[in-house]
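Results of the structural survey
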Amino acid sequence: MSDEQPFISKVPYEETHPTVLAIYCSDGRFTDGVEDLAQALGHDRIDTLTIPGGPALLNRWVADYLESDVVTRAARFLIEGHHITEVLLLAHAGCGYYRARHGALGPEFIAEQQITDLRHAAEELHKAYPHMTVRLFFARPGGGRIHFEPVPAKA
Ligand SMILES: [Zn+2]
């Protein structure tokens, strides 16, 4: 045991699990914004699944298969174990994951691929959990704020 006192957070602890899961990129510039969005949608607390690229990793056809498998299992674990009723899938402008993979193809191609990946992820989730609400957003910084643009699930 260390002699140091534990840090006690001023944030209250609630025993019950949140019912919404947000799947998004680890990029910390968007973390607070995503929580703010969730609050605006009526969710004070969220479960999170963050990994570079976010919902891109739910697209097995594009992402690395093993990575995708891990993320898909993690999503299912949370959805089933925590009785999630709503999932938020978020992509963001200037994502390093996409730049590293598709940078040479230019920002327009990347944005298109991100939307495709969001829709693919939504479709997979809908197949597995037909009664769950899935919302898609594209986060875009502008004027010092983050704009969360809703993306229709189908083109
Ligand atoms: Zn990113």
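Residues numbered from 1 in each chain as written. Predicted model: local features only at pLDDT ≥ 70, side-chain atom pairs only at ≥ 80, totals over all residues. Heavy atoms only, no water.

Once that is clear, we can look at empty space enclosed by the protein. Enumeration over the complete set of coordinates arrives at one cavity of 30 Å³ or more. Around the largest cavity sit Tyr-24, Cys-25, Phe-30, Val-34, Leu-90, Ala-91, His-92, Ala-139 and Phe-148, which together line it. Sorting elements by how many residues they give to the lining of the largest cavity places strand S3 (residues 86–92) first, with three residues. Looking at side-chain class alone, the lining of the largest cavity contains eight nonpolar, one polar and no charged residues. (1 Å grid on protein atoms, 1.4 Å probe; cavity = no way out; pocket = protein on both sides within 12 Å on 5 of 7 lines; lining within 4 Å. Points joined across faces, edges and corners; volume = space filled by probe spheres on them. Helix = DSSP H or I, 4+ residues; strand = E, 2+ residues; numbered from the N terminus. Nonpolar A, V, L, I, M, F, W, Y, C, P; charged D, E, K, R; others polar.)

What follows is about the pairing of S3. By the criterion of burial, S3 is predominantly enclosed, with seven of the seven residues buried. Residues Glu-86, Leu-88, Leu-90 and His-92 point to one face of S3 and Val-87, Leu-89 and Ala-91 to the other, with burial holding for every one of them. In the sheet, strand S1 (residues 20–24) pairs with S3 via four bridges, with the strands oriented parallel. Looking across to S3, one finds that Ala-22 is bridged to Leu-88. For S3 and strand S4 (residues 133–142), the ladder comprises seven bridges, and the chain directions are parallel. The residue bridging Leu-89 from the neighbouring strand is Leu-136, located in S4. (Buried < 20%, exposed > 50% of the residue type's maximum accessible area, 1.4 Å probe, protein only. Pairing = 2+ DSSP bridges.)

Right, let's talk about the environment of Glu-67 for a bit. Checked against the element boundaries, Glu-67 lands in helix H2 (residues 65–81). Relative accessible area serves as the criterion here: at 35%, Glu-67 is assigned to the partly exposed category. The contacts of Glu-67, once residues within four sequence positions are left out, are Leu-57 and Arg-101. (Contact = heavy atoms within 4.5 Å.)

On to the nonpolar core. With 29 residues, the main nonpolar core has Leu-21, Ile-23, Ile-79, Val-87 and Leu-89 as its most contacted residues. Contributing elements (two or more residues each) for this core: S1, H2, S3, helix H3 (96–102), helix H4 (107–128) and S4. Of all the elements, H4 adds the most residues to this core, at five residues. Leu-21 has contacts with Asp-47, Thr-48, Leu-49, Ala-75, Leu-78, Ile-79, Ile-84, Glu-86, Val-87 and Leu-88, leaving out every residue within four places of it along the chain. The next biggest cluster of nonpolar side chains, apart from the first, holds 13 residues, and it includes Val-34, Ile-46, Leu-90 and Phe-137. (Core = buried A, V, L, I, M, F, W, Y, C linked by side-chain atoms within 4.5 Å.)

Pairing in this open sheet of five strands is mixed, and the strands run S2-S1-S3-S4-S5 from one edge to the other. Either end of the sheet is taken by a strand with one partner, and the two such strands are strand S2 (47–50) and strand S5 (145–150). On average, adjacent strands in this sheet sit at an angle of 25 degrees to one another, irrespective of strand direction. Sheet topology places S1 next to S2; four bridges connect them, and they run parallel. Counterpart to Ile-23 in the pairing with S2 is Leu-49. Against the sheet, helix H1 (residues 31–40) makes contact with S1, S3, S4 and S5, and its axis sits at roughly 50 degrees relative to S5, the strand it touches most. Along the sheet face, H2 touches S1, S2 and S3 and points at about 180 degrees away from the line of S2. (Axes fitted to C-alpha atoms, helices over the stretch in contact; angles between N-to-C directions.)

Gly-33, Val-34, Leu-37 and Ala-38 are the residues of H1 that are buried. Taken around the axis of H1, the buried residues stretch over an arc of 140 degrees, which confines them to a single face. Across from the buried face of H1, at angles greater than 90 degrees, the exposed residues are Asp-32 and Asp-36. Elements in contact with the buried residues of H1: S1, S3, S4 and S5. (Arc of directions from axis to C-beta.)

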